[in-house]
Amino acid sequence: MSGEQATATAWSREEFEARLRSKDRNYHIHHPFNLRMNSGHCSRQQIRGWVANRFYYQWIIPQKDAAIMSNCDDRATRRLWVTRILDHDGHGDYQDGDAGGLEAWTQLGAAVGIPRDELWSLQHVLPGVRFACDAYLNFARRAPWQEAVCSSLTEMFAPQIHKDRLAGWPAHYPWIDASGLHYFRSRIPLAQRDVDHGLAVTLDYFTTRAQQERALAILQFKLDILWSMLDAIEKAYPE
Ligand SMILES: O=C(O)c1cc(C(=O)O)c2c(n1)C(=O)C(=O)c1cc(C(=O)O)[nH]c1-2
């Protein structure tokens, strides 16, 4: 850290939040593969490759949230955080309507032609995707829980990418059964709730200018994880 940074005045809460939000310019929504996918230019093989690989991110998320919980000594935070695990792992079957995100992603897999066993075998997961997602999990295991919470804030930008898919895919990819898109719809309100909580933790915890700079670096680390996943997918499933 430079001497200048060490003595710089902390940003106000509003300014700090605005700087976190301005990181959306580095979100994977702008990745060339995502631009092609959401404008209808991906082949069936590319869509299948993306779904099979993104499943590994889904697979890691509840483990990551459990790692955060295991490091968290604040009961109030744990009470809220535990719902994130159940959001993905579910707490019932489809009849209850509460099967969770991993099941919803499995439905997406089926809708694009990947049978459940094939998806869950992780056989299509590319090394680059595995390394990227594992880096997220390892960070959550080792970092102070507030830093791991901060790393989840890419979710600030996720509702738009889910909305883009819901708006574009039915026309671009009519071969995908509409029931497969349920995951994207389900995440929009959950992401908003997660962000309200994650942002409050982050704004409370990172209060000096040096800490605020650290938070921006953590958010960039997470943006890089999402970006590298698409780099790996783009290379493995060319035009
Ligand atoms: O489809 C996407 O582009 C996207 C991105 C992100 C994200 O920005 O981290 C998440 C999700 N989806 C998502 O569905 C999800 O459940 C989720 C949880 C988290 C997290 O870091 O805890 N990110 C995301």
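Residues numbered from 1 in each chain as written. Predicted model: local features only at pLDDT ≥ 70, side-chain atom pairs only at ≥ 80, totals over all residues. Heavy atoms only, no water.

The chain is annotated in an unreviewed UniProt entry as Pyrroloquinoline-quinone synthase of Noviherbaspirillum suwonense. The UniProt entry for the chain carries the following text under Function (unreviewed entry): "Ring cyclization and eight-electron oxidation of 3a-(2-amino-2-carboxyethyl)-4,5-dioxo-4,5,6,7,8,9-hexahydroquinoline-7,9-dicarboxylic-acid to PQQ." (UniProt positions renumbered as here; feature names shortened; annotations may be inferred.)

Asks: What is the right way to look at empty space enclosed by the protein in this model?
Replies: A probe matching the size of a water molecule, rolled over the atoms, marks out where space remains unfilled. This structure, assessed with the given rule, holds 2 cavities of 30 Å³ or more. In this structure, the largest cavity encloses a volume near 270 Å³. Forming the boundary of the largest cavity are 23 residues, of which Y57, I61, E155, Y183 and R187 lie nearest the centre. Mapped by element, the contributors of at least two residues to the lining of the largest cavity are α4 (44-71), α5 (75-89), α10 (158-172), α11 (182-205) and α12 (209-236). (1 Å grid on protein atoms, 1.4 Å probe; cavity = no way out; pocket = protein on both sides within 12 Å on 5 of 7 lines; lining within 4 Å. Points joined across faces, edges and corners; volume = space filled by probe spheres on them. Helix = DSSP H or I, 4+ residues; strand = E, 2+ residues; numbered from the N terminus.)

Asks: Would you explain the site of the ligand in this entry?
Replies: In the neighbourhood of the ligand, 18 residues make up the surrounding shell, with Y27, Y57, K64, Y136 and Y183 lying closest. A distance of 2.5 Å separates an oxygen atom of the ligand from a polar side-chain atom of Y183. Here the ligand occupies the largest cavity. Mapped by element, the contributors of at least two residues to the shell around the ligand are α4, α10, α11 and α12. The element that contributes the greatest number of residues to the shell around the ligand is α4, accounting for 4 residues. Here the shell around the ligand is built from residues that sort into 7 nonpolar, 5 polar and 6 charged. (Near = heavy atom within 4 Å. Polar contact = N/O pair within 3.5 Å; in protein donor to acceptor, adjacent residues only side chain to side chain. Sits in = over half its atoms within 2 Å of the grid points. Nonpolar A, V, L, I, M, F, W, Y, C, P; charged D, E, K, R; others polar.)

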